[in-house]
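# Analysis of the macromolecular model
Chain by chain, the residues:
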Amino acid sequence: MAAKLNPLDLYNIRALLTDEERMVQDSVARFTDEKVLPIIGDCFDQGRFPNELISEIAGMGLLGATIPEAYGGAGMNSVCYGLICQELERGDSGMRSFASVQSSLCMYPIFAFGSETQKKHYLPKMAAGEVIGCFGLTEPHGGSDPANMKTVAKKDGEDWVLNGAKMWITNGNLAHIAIVWAQTDDGIRGFIVPTDSKGFTAQEVHKKMSLRASVTSALFLDNVRVPGDAMLPDVKGLKGPLSCLNQARYGITWGPIGAAQACLKEVLDYSAERMLFGRSLSANQAIQLKLADMARRVTTAQLLSLQLGRLKDAGNMHPTQVSLAKWNNVRMAIDIARECRDVLGGAGITTEHCPIRHALNLESVITYEGTETVHQLVVGRELTGINAF
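Presented here is an overview of the structure given in this document. (Residues numbered from 1 in each chain as written. Predicted model: local features only at pLDDT ≥ 70, side-chain atom pairs only at ≥ 80, totals over all residues. Heavy atoms only, no water.)

Of all the 8 residues making up strand β5 (residues 187-194), 6 are buried; the element is thus mostly covered by neighbouring parts of the structure. In the sheet, strand β4 (residues 177-184) pairs with β5 via 8 bridges, with the strands oriented antiparallel. Each bridged residue has a counterpart across the sheet, and for valine 180 the counterpart in β5 is phenylalanine 191. (Buried < 20%, exposed > 50% of the residue type's maximum accessible area, 1.4 Å probe, protein only. Helix = DSSP H or I, 4+ residues; strand = E, 2+ residues; numbered from the N terminus. Pairing = 2+ DSSP bridges.)

In structure tokens, the structure reads:
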């Protein structure tokens, strides 16, 4: 008789992982189970990020996981990083967003485009959680057209003076430094801006119904002066910020798998125990059809992200492939979260259960790092050769 399948891993994706990858997944899963899940519902209700977990996240090597050990990182491969994102988001999208911004949007540009001095100064402290970063690209007038950037940096002697505003910035009020992208006479450039600089203000966004266990901010730069060596020297133009976003989007293809698995697991348990009309909810055809469809979509997303990770580690990942996976996997997760909320009935509207929290969070995830429509158009452009933006 065949062994019973794992309902959250029907195709035994785990068997395709290396021993190191399984070890990383297990350690982050244990952290999520023991430290995140017991408090994250209350954090979401209270609208607070659990700062108390930062040191432990750093201690596990989850910040800058793919950065070489020489700069304080863990030197892991891309699949390990993806699994980290999956297990953190199984707890909450806010947890994955924190690690994703620190690793992919702040540490990565310093590693890829920074001077040796910048790398040695910042990366070990960021890996240790001693210096938190935020990424300033999106502006109040719109995020899908970053070329229409209004923030400017002007040379003044040896210094740079920055003026402008950024919006929807994760970690903004936690951050010690901001990676700020600004227009210069020489094109778009990136700057490492200490958040205690004169004229720099971070204002937390409140009244959120999504990513409540995450810090979201508006940044204002009013004649903020930084030294000449604050500029990232090795990149010019939109290639810089867009390559950072590609790193982050890759992690986002994995994260929602965790959110979907959390919702599916809860509904599997609930439907087995919930008795209606003299039998368990799970004995109904309508429920089994829903559960089967969720498992199908989770499995498809798992295979997409694993292959994407293998392509990335081989140096063969194409941006369009990231767009396809981000579009597919976040859409998968948000649909499953909503469906699970429905199966839970009235109980599903409370944060005693996770689907409503994940559904609300995924409204942000499906919007940031490229909206679903933008990623559809990226794939469409690849197929036709025509830019329809």
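Moving on: helix α6 (residues 239-273). With 35 residues, α6 extends 52 Å between its outermost C-alpha atoms, agreeing within 8% with the 51 Å of an ideal straight helix rising 1.5 Å per residue. When you tally the buried positions in α6, you get 28 out of 35 residues, the bulk of the element. (Expected span 1.5 Å × (residues − 1).)

Now for the pairing of strand β1 (residues 133-136). Every second residue of β1 is oriented toward a common face, with Gly133 and Phe135 on one face and Cys134 and Gly136 on the other, all of them buried. Strand direction decides the pairing type here: β1 and β4, joined by 4 bridges, are parallel. Bridged to glycine 136 within β4 is valine 180.

The tendency in soluble globular proteins is for nonpolar side chains to be buried as a group. In this structure, Met332, Ile336 and Leu362 are the most contacted members of the largest nonpolar core, which totals 32 residues. Put simply, the parts of the chain that give this core at least two residues each are α6, α7 (285-313), α8 (319-343) and α9 (355-365). Here the element with the most residues in this core is α6; it accounts for 9 residues. Ignoring any residue separated from it by four or fewer positions in sequence, one finds methionine 332 in contact with Pro256, Ile257, Ala260, Arg297, Val298 and Ala301. Ranked by size, the runner-up nonpolar core spans 27 residues in total, among them Leu105, Ala127, Met149 and Ile177. (Core = buried A, V, L, I, M, F, W, Y, C linked by side-chain atoms within 4.5 Å. Contact = heavy atoms within 4.5 Å.)

What follows is about the pattern of salt bridges. Counted under the stated rule, the structure contains 25 salt bridges. The shortest N-O distance in the salt bridge between glutamate 87 and arginine 90 comes to 2.7 Å. Within this pair, glutamate 87 and its partner arginine 90 are both found in helix α3 (residues 78-91), separated by 3 residues, close to a single helical turn. Accessibility classification places glutamate 87 together with arginine 90 in one group, the buried group. Of the charged contacts in the structure, one is a salt bridge between glutamate 372 and arginine 331, with a shortest N-O distance of 2.9 Å. Of this pair, glutamate 372 sits in helix α10 (residues 372-384) while arginine 331 sits in helix α8; the two residues are 41 residues apart in sequence, bridging distant segments of the chain. Under the relative-accessibility criterion, glutamate 372 is labelled buried at 18%. (Salt bridge = Lys/Arg side-chain N within 4 Å of Asp/Glu carboxyl O.)

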